[in-house]
Amino acid sequence: MRKLGLIGGMSWVSTHRYYERINKRVQREVGPRASAPMLIESLDFSQIYQLQTPEEWERGAQVIAKAAQRLADAGAEMLMIGANSMHKVYREVQAQVDVPILHIAECVGERMKQDGIKRAALIGSRNVMIESFYRRRLVAHDVDLLPPEMDHVEQLDRIIYEELMVGKARKDSERTLRSMFTRYQTEGAQAVILACTELELVVDIDANAVPIYDCMRIHADAAAEWIIGG
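Residues numbered from 1 in each chain as written. Predicted model: local features only at pLDDT ≥ 70, side-chain atom pairs only at ≥ 80, totals over all residues. Heavy atoms only, no water.

Draft legend 1. Just the pairing of strand 7 (residues 191–195), in detail. Counting buried positions along strand 7 gives 5 out of 5 residues, so the element sits mostly inside the fold. One ladder, built from 5 bridges, connects strand 5 (residues 119–124) with strand 7; its direction is parallel. The partner of L122 across the bridge, within strand 7, is I193. Where strand 7 and strand 8 (residues 212–214) come together, 3 bridges link them in parallel fashion. When the sheet's bridge partners are listed, L194 is paired in strand 8 with D214. (Buried < 20%, exposed > 50% of the residue type's maximum accessible area, 1.4 Å probe, protein only. Helix = DSSP H or I, 4+ residues; strand = E, 2+ residues; numbered from the N terminus. Pairing = 2+ DSSP bridges.)

Draft legend 2. Focus on the sheet that holds strand 7. Spatially, 4 strands are ordered 6-5-7-8 in an open sheet, and the strand pairing comes out parallel. Either end of the sheet is taken by a strand with one partner, and the two such strands are strand 6 (144–145) and strand 8. Sheet topology places strand 5 next to strand 6; 2 bridges connect them, and they run parallel. Looking at the pairing, A120 lines up with L145 of strand 6.

Draft legend 3. Structural view of helix 1 (residues 12–30). Taking 1.5 Å per residue, 19 residues should reach 27 Å; helix 1 reaches 27 Å between its end C-alpha atoms and fits that length. Within helix 1, the full set of buried residues consists of V13, S14, T15, R17, Y18, I22, N23, R25 and V26. Contacts from the buried residues of helix 1 go to strand 1 (4–8), strand 2 (38–42), strand 3 (78–81), helix 4 (104–115), strand 8 and helix 9 (215–228). (Expected span 1.5 Å × (residues − 1). Contact = heavy atoms within 4.5 Å.)

Draft legend 4. Local environment of the packing of helix 4 against helix 6 (residues 132–139). The N-to-C vectors of helix 4 and helix 6 enclose an angle of 30°; their axes lie 8 Å apart at closest approach. With respect to helix 6, the axis of helix 4 lies roughly parallel. Judged by the sense of rotation from one axis to the other, the crossing of helix 4 with helix 6 is right-handed. The segment helix 4 lies against helix 6, with I104, A105, E106, V108 and G109 engaging Y134, R137 and L138. Of the residues that constitute the contact of helix 4 with helix 6, the class distribution is 5 nonpolar, 1 polar and 2 charged. (Axes fitted to C-alpha atoms, helices over the stretch in contact; angles between N-to-C directions. Parallel < 35°, antiparallel > 145°, perpendicular 65-115°, else oblique. Left-handed = near helix turned anticlockwise from the far one by under 90°. Nonpolar A, V, L, I, M, F, W, Y, C, P; charged D, E, K, R; others polar.)

The quantities given are spatial measurements derived from coordinates; they are silent on function.
Here you go:
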């Protein structure tokens, strides 16, 4: 199997989910005693939490790039960033390392195109929902995205950063998400794209009326397939 480098710690909850998902897939497909060859660089998320200004994002890009280089130097043959929002600096980071970085939105877009999904709602943190760096990759796979609703953006940002990233999962947040999904369906969405690795804490991926595309699961599965060599 090939060795993967995971840039994690954004948050540790997300990194735990990636590690578990990848290893379960490897164990299932390779053998009951198999585990994934991985290197993990777990960052201190408090140093790159909710970046706002261009200067802050430039600093964040350098933090991620240095982590990527350390993983490459340690022998990782491919890298992944274990967070949706930090893919805003994907291009800057990829330009500084020779090892390929598996882009989360590309994995999701390819899966949705295979499934014939033409119209979907994208939810996640503020920058994922309203900026182009993530949306354009999905649109390039012929997925038409509903325009972001700012009241939903505000609610989701609060739930993600004030609750889920510190390990809290509240029933009222579950109800809020279900209400959003119902509205998206009435607006013609064939699916909801879960572009925040922690949102599974308040969303039952497998028991919703509308199909849910969990970006973390899709990203992790693609990484596991690469590790195995499929």
